[in-house]
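The primary structure of each chain is shown beneath.
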Amino acid sequence: MDAREYKLLLNPDRFKEVSPETVVDTFWEKHLQRLIDAQLGSRNGDEPRHERRFSERKERVVRFWDTPDYTLNRADLALRERLSNDQEGNADARPEITLKLRMADLFVVAAAELPGSSNDFSTTFEEDIAPLEVDDPEAGKRSVVVPTRRSIRSRFARSTTQTADWNTRRTLGGLRELFPTVFELLEASGVQHSPLTELVSGPTVRELVFKGARVKLGAGIVGKFSLTLWYFGAQQPDPTVAEISFKCATVDGDMPGAAARRALALFVAMQTDLGGWVNSEHSSKTALALPGGCGSLVA
């Protein structure tokens with residue numbers, strides 16, 4: 001396993017009216033840093049475990065793709081396209097294309113073969129950690145149900161990313177040209193498919209990501225924070241989705257127990273002690289960006 005990433009949705013209303021940079025700095029300095037101090041204490045007696053700040057900013061355009069009958073989603077696959085802002089609208093641009101298999105079974109994902117067809121593809125195997133929660137089963141409810149004692153839910157992800165000519169390949173057959181084993185993954189899940197089936201996109205998302213802040217968890221394990229804002233549509237002035245996450249690269253596939261306990265304690269405290277900063281309406285960021293009603297199928 002290459003890394004573990006802890007992901008928590010935030011309340012996007014917190015990022016309205018004031019510039020996102022100002023809100024991000026306030027969130028880090030007045031809330032997250034204090035939470036790290038309270039939960040994890042200091043290192044070597046007086047050194048804080050948090051360091052740096054959200055000084056790196058990146059802006060991209062993101063779309064998720066699937067077939068009209070959600071072929072990929074039904075096989076626990078997600079297909080994402082990313083472009084830098086200056087590439088949007090350029091018919092000759094080569095976007096970054098990622099195909100991800102994500103599910104709760106560690107061994108199924110670990111054994112999955114997911115190569116790319118280009119010379120520059122990269123593949124990672126990660127654990128995605130989210131709060132233990134489910135969407136409210138009552139019809140019409142926009143909220144999530146959580147246990148009395150907060151915990152985590154793990155899903156495991158094998159993802160492959162490559163830059164590719166994408167405009168002429170928006171069918172399942174074209175996707176197989178980019179990711180040669182995709183039909184094998186569909187068949188393993190019992191999902192029928194045809195190479196001629198077209199792929200359709202979800203809404204265009206303007207993605208704003210802030211990075212740079214970190215937390216030292218011990219034994220060489222460092223959690224690198226990302227704060228992500230999603231704006232749906234080119235003219236949307238306020239974000240629809242906000243997420244805070246921290247990713248920990250493993251050491252030879254391992255995460256020492258003391259560091260893992262600190263990461264768990266911090267993530268549980270983020271769920272319970274950040275108050276109105278936490279989103280209580282949705283359990284999945286990706287689900288909101290999938291085409292049509294596909295998002296309602298995401299667990």
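Everything below is about the structure shown above.
Residues numbered from 1 in each chain as written. Predicted model: local features only at pLDDT ≥ 70, side-chain atom pairs only at ≥ 80, totals over all residues. Heavy atoms only, no water.

A.B. asks: Describe in detail the overall build of the protein, supporting the description with residues and values.
C.D. replies: Counting secondary structure elements, the protein contains six helices and 15 strands. Residues classed as buried in the protein amount to 48% of the 299 residues present. Entry remark: accessible area of the protein is about 14300 Å², with carbon and sulfur atoms responsible for 46%. (Helix = DSSP H or I, 4+ residues; strand = E, 2+ residues; numbered from the N terminus. Buried < 20%, exposed > 50% of the residue type's maximum accessible area, 1.4 Å probe, protein only. Areas by Shrake-Rupley, 256 points an atom, 1.4 Å probe, with all protein chains shown as cover.)

A.B. asks: Describe the packing of aromatic side chains, listing the residues and the values that go with them.
C.D. replies: This model, assessed by the stated rule, comprises 11 aromatic pairs. Aromatic side chains Phe 27 and Trp 277 sit 4.8 Å apart centroid to centroid with 50° between the ring planes, which places their arrangement in the tilted category. Linking Phe 27 in helix α1 (residues 20–40) with Trp 277 in the segment after α6 (257–273), this pair joins segments that are 250 residues apart in sequence. Residue classification places Phe 27 among the buried positions, given a relative accessible area of 0%. Members of the aromatic cluster, joined through ring pairs, are Tyr 6, Trp 28, Phe 54, Phe 225, Phe 246 and Phe 267. The aromatic ring of Trp 277 is capped on one face by Arg 14, whose charged end is 4.7 Å from the ring centroid. The ring of Tyr 231 is capped by Arg 206, whose NZ or CZ atom sits 4.2 Å from the centre of that ring. (Phe/Tyr/Trp six-rings, centres within 6.5 Å; stacked < 30°, edge-to-face > 60°. Lys NZ or Arg CZ within 6 Å of the ring centre and 35° of its normal.)

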